[in-house]
Amino acid sequence: MNNATPTTTYNEVHDQKVLEWARNLLDQCSSPRLMQLEVINAVERNAVYRGEECLNLLAPEAPTSPTVRKLLSAEVGTRAAEGHIGPTARWFAGTKYIDEIESLCVELLKKVFRCNYADHRLVASMIGNMTVYAALTKPGDNIMTISQPLGGHSSNRIDGPAGIRGLNIYDIPMDPVDLVVDLDKFAAEARKIKPVLVTLGASMTLFPFPIKEMASIVKEWDGKIFFDGAHQLGLIGGGQFQDPLREGACIVTGSAGKTFSGPQSGIIIWDDPSLTKPVTDVIFPALAATHQVNRVAALAASAAEFLAYGEEYMAQIVKNAQALGKELHDRGIKVLGAHKGFTTTHQVILDVKSFGGGLEVAHLLAEANIITNKNLIPSDRPEDWDYPSGLRIGTIEITRLGMKESDMATIADFIVNILNGRENTENVRKKVIEMRKSFNKIHYCFD
Ligand SMILES: *Cc1c(COP(=O)(O)O)cnc(C)c1O
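Residues numbered from 1 in each chain as written. Predicted model: local features only at pLDDT ≥ 70, side-chain atom pairs only at ≥ 80, totals over all residues. Heavy atoms only, no water.

The name an unreviewed UniProt entry assigns to the protein chain is Aminotransferase class I/II-fold pyridoxal phosphate-dependent enzyme, from the organism Lysinibacillus telephonicus. Under the UniProt heading Cofactor (unreviewed entry), the note attached to the protein chain is "pyridoxal 5'-phosphate". Entered under Sequence similarities (unreviewed entry) in the UniProt record, the comment concerning the protein chain runs "Belongs to the SHMT family." (UniProt positions renumbered as here; feature names shortened; annotations may be inferred.)

Quick look at the site of the ligand
Of all residues adjacent to the ligand, which total 13 residues, the nearest are Ser203, Asp228, His231, Ser255 and Lys258. Within the side chain of Ser255, a nitrogen or oxygen atom sits 2.8 Å from an oxygen atom of the ligand. Taking 380 Å² as the accessible area of the ligand by itself, protein coverage stands at 85%. Considering each element in turn, the shell around the ligand owes the most residues, 3 residues, to helix α5 (residues 125-136). Each residue belonging to the shell around the ligand can be placed in one class, and the counts come to 4 nonpolar, 7 polar and 2 charged. (Near = heavy atom within 4 Å. Polar contact = N/O pair within 3.5 Å; in protein donor to acceptor, adjacent residues only side chain to side chain. Areas by Shrake-Rupley, 256 points an atom, 1.4 Å probe, with all protein chains shown as cover. Helix = DSSP H or I, 4+ residues; strand = E, 2+ residues; numbered from the N terminus. Nonpolar A, V, L, I, M, F, W, Y, C, P; charged D, E, K, R; others polar.)

A word on the pattern of salt bridges
Within this structure, the stated rule accounts for 24 salt bridges. Among the ionic pairs, Arg90 bridges to Glu102, the shortest N-O distance being 3.2 Å. One end of the pair, Arg90, is in the loop between α3 (66-71) and α4 (96-113); the other, Glu102, is in helix α4, and 12 residues separate them in sequence. As far as the burial class goes, Arg90 and Glu102 line up, both buried. Between Glu426 and Arg429 there is a salt bridge, and its shortest N-O distance comes to 3.1 Å. One end of the pair is Glu426 and the other is Arg429, both in helix α16 (residues 425-437) and 3 residues apart, which spans about a single turn. A network of salt bridges, in which partner residues are shared, links Arg114, Asp243, Arg246 and Asp271. (Salt bridge = Lys/Arg side-chain N within 4 Å of Asp/Glu carboxyl O. Buried < 20%, exposed > 50% of the residue type's maximum accessible area, 1.4 Å probe, protein only.)

Below, the structure written as structure tokens:
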């Protein structure tokens with residue numbers, strides 16, 4: 001090859017060994033065509049492994065329907081369509097059918113979330129959160145958000161959009177056992193800090209938030225509640241969680257690819273007409289330009305699925321999570337929120353400190369094709385990020401594959417037998433692959 005890759009390692013953030021693997025592989029390819037083939041092969045390996053042979057229990061993942069997946073590679077994904085919907089508000093001509101696709105998407109989202117306004121152009125929920133901070137705060141403002149060990153997400157902390165906006169970020173006091181906001185402490189602290197914005201919603205999220213009570217407190221100084229529903233978005237749409245807009249939040253963001261089970265991207269919804277201009281001024285032209293119309297089409301299609309199946313699908317996700325929490329608890333595992341019925345969402349949170357911590361357990365379970373993630377829990381410090389005590393489990397994908405409460409006992413056995421050393425991971429891996437053979441079809445869709 002004449003364009004040999006450099007051998008020096010710079011200040012690379014990625015794992016050096018993995019990048020070196022890729023360099024070596026590309027160096028062995030005799031043509032760019034073969035390099036492309038290596039990419040396709042890696043995608044195919046993942047499709048077999050994660051798509052057919054794993055129990056994917058990652059809380060932020062959901063399988064999309066075949067129709068939604070097909071739309072993601074539609075011709076329209078090669079078209080440019082910056083701006084707002086309609087012939088005068090676009091930069092480019094030739095967008096009449098794109099206007100149709102996008103307006104169908106917006107109106108479908110309004111139906112699903114029973115709201116006055118929705119935007120379809122956010123390529124990620126991170127961008128949605130940046131939109132909210134840019135539209136509703138100015139640098140130097142005080143805000144209150146949830147710290148990471150209590151479930152908060154980096155997007156609302158110093159290292160994410162909230163930090164980039166230059167906000168002063170204070171912690172929302174949480175009860176570490178009940179895993180809800182400590183309302184008395186919040187009232188006292190908020191009255192001192194007077195945050196312009198209080199961000200609720202979390203990545204580790206088991207129980208509802210006292211939005212109504214908090215909204216009436218921050219109203220004393222005209223503060224607002226923003227609900228980051230990245231995880232709960234589908235549960236909200238399907239009527240299986242609290243309804244933040246109805247309870248006093250002025251704006252809600254969420255990930256389309258978590259419980260909502262659409263294409264990975266962001267959604268933002270609001271009811272107050274006075275927010276429309278500040279919010280959409282930030283979306284375009286600040287944070288979205290060509291916003292992937294293939295993804296918008298897929299989002300619209302998944303919203304239609306949601307209207308038909310959302311309620312039933314989301315209810316089963318929660319039932320499965322509660323059943324899995326109970327089965328694990330009954331087998332002696334420390335499950336957070338056990339005294340409160342384990343969970344009211346798609347998540348189950350385990351304290352696995354006595355088994356070596358979240359990182360070790362997640363990698364051990366992955367040897368058996370059971371995919372989870374390490375998670376900070378209230379007993380951890382923020383700096384325990386790499387080696388936290390918790391493990392987060394989600395029931396979205398297994399539910400969409402058709403599993404019910406009775407299947408949760410089987411999964412709990414797999415997990416607990418590995419943790420207790422009663423069964424080796426290779427044995428369980430074979431059983432997992434066998435189990436997946438009877439759960440390989442996407443439910444709650446028209447396909
Ligand atoms: C996942 C998550 C996000 C980011 O969402 P993306 O769609 O991945 O950009 C934001 N906030 C919370 C609370 C999350 O859990």
